[in-house]
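Remarks on the overall topology
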Amino acid sequence: MSAKLERLSQVLREQLGEKVVSLVTDRGEVTVQVAAPDYLAVATLLREHDDLFFEQLIDLSGLDYSAYKNGEWQGRRFAIAAHLLSVRHNWRLRVKVFADDDAFPVLDSVVGVWPSANWFEREAFDFYGIMFSGHPDLRRILTDYGFVGHPFRKDFPVSGYVEMRYDPDQGRVVYQPVTIEPREITPRIVREAQYGDVDNV
């Protein structure tokens, strides 16, 4: 571990204390996990403390752990990973938070801390169904208005639930149950009979 990452880990442990669920340094990256009730307070501290000063939220994405480790995962299902940057200290941090309720995942919104979280949280809501308490405008961002479900959840069917088409008789777009037959789309590779033989090179 580099001296810079060691210093960051030390500062995080000092400032966050018991709020740290886990702190891992792997492949040159630091990941800190905190509990859902502490998320907003930790985010504010990461943003405002002079020794940390993570002034930029670069990315925030939803995670679904239901199929993690071939389904052997025993922890909470839904989480978010927020990637932060401190320009002042020239270091990066990943913050991971698991929602407490798998049936209705809710986390605090950090839009008040980092305004750039706005659309990222909307995307996590749209694709994973993670709600963000205190978000100023939590609505779908990429799927259609009448879309049912959350397409990045591991249990969402590959072909979806409904399809849409234009109905010339009604003069509008209509939704109907999916009529696509499941099929294997593995490409067929055709090679010559002697392909790969050392004698034919």
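The coordinates are above.
This structure is a prediction, so every number in the text was calculated from the model and none was measured.

Where nonpolar side chains cluster on the molecular surface, the patch consists of Val148, Tyr161, Val162, Met164, Tyr166, Val173 and Tyr175 and spans about 700 Å² of accessible area. Listing elements by their share of the nonpolar patch, those giving two or more residues are β8 (162-167) and β9 (172-177). No other element matches β8, which puts three residues into the nonpolar patch. Its place among the elements puts valine 148 in the loop between β7 (131-133) and β8.

Now for the packing of aromatic side chains. Inspection of every chain in the model, using the stated rule, returns eight aromatic pairs. Here tyrosine 65 and tryptophan 73 contribute two aromatic rings whose centre-to-centre distance is 5.0 Å and whose plane-to-plane angle is 35°, an arrangement assigned as tilted. Since its relative accessible area comes to 11%, tyrosine 65 is described here as buried. In this structure tryptophan 73 comes out as partly exposed when scored by relative accessible area, which is 28%. Through a chain of ring-to-ring contacts, three or more aromatic side chains come together here, namely Tyr65, Tyr68, Trp73 and Phe98. Its end group placed over the ring of phenylalanine 53, arginine 47 keeps NZ or CZ at 5.4 Å from the ring centre. One Lys or Arg, arginine 122, reaches over the ring of tryptophan 119 and ends 5.9 Å from the middle of that ring.

Reading the values: the criteria
Residues numbered from 1 in each chain as written. Predicted model: local features only at pLDDT ≥ 70, side-chain atom pairs only at ≥ 80, totals over all residues. Heavy atoms only, no water. Patch = residues over 30% accessible without salt bridge, like charges linked within 9 Å, V, L, I, M, F, W, Y side chains within 5 Å. Areas by Shrake-Rupley, 256 points an atom, 1.4 Å probe, with all protein chains shown as cover. Salt bridge = Lys/Arg side-chain N within 4 Å of Asp/Glu carboxyl O. Helix = DSSP H or I, 4+ residues; strand = E, 2+ residues; numbered from the N terminus. Phe/Tyr/Trp six-rings, centres within 6.5 Å; stacked < 30°, edge-to-face > 60°. Buried < 20%, exposed > 50% of the residue type's maximum accessible area, 1.4 Å probe, protein only. Lys NZ or Arg CZ within 6 Å of the ring centre and 35° of its normal.

Geometric values such as these leave the question of function open.
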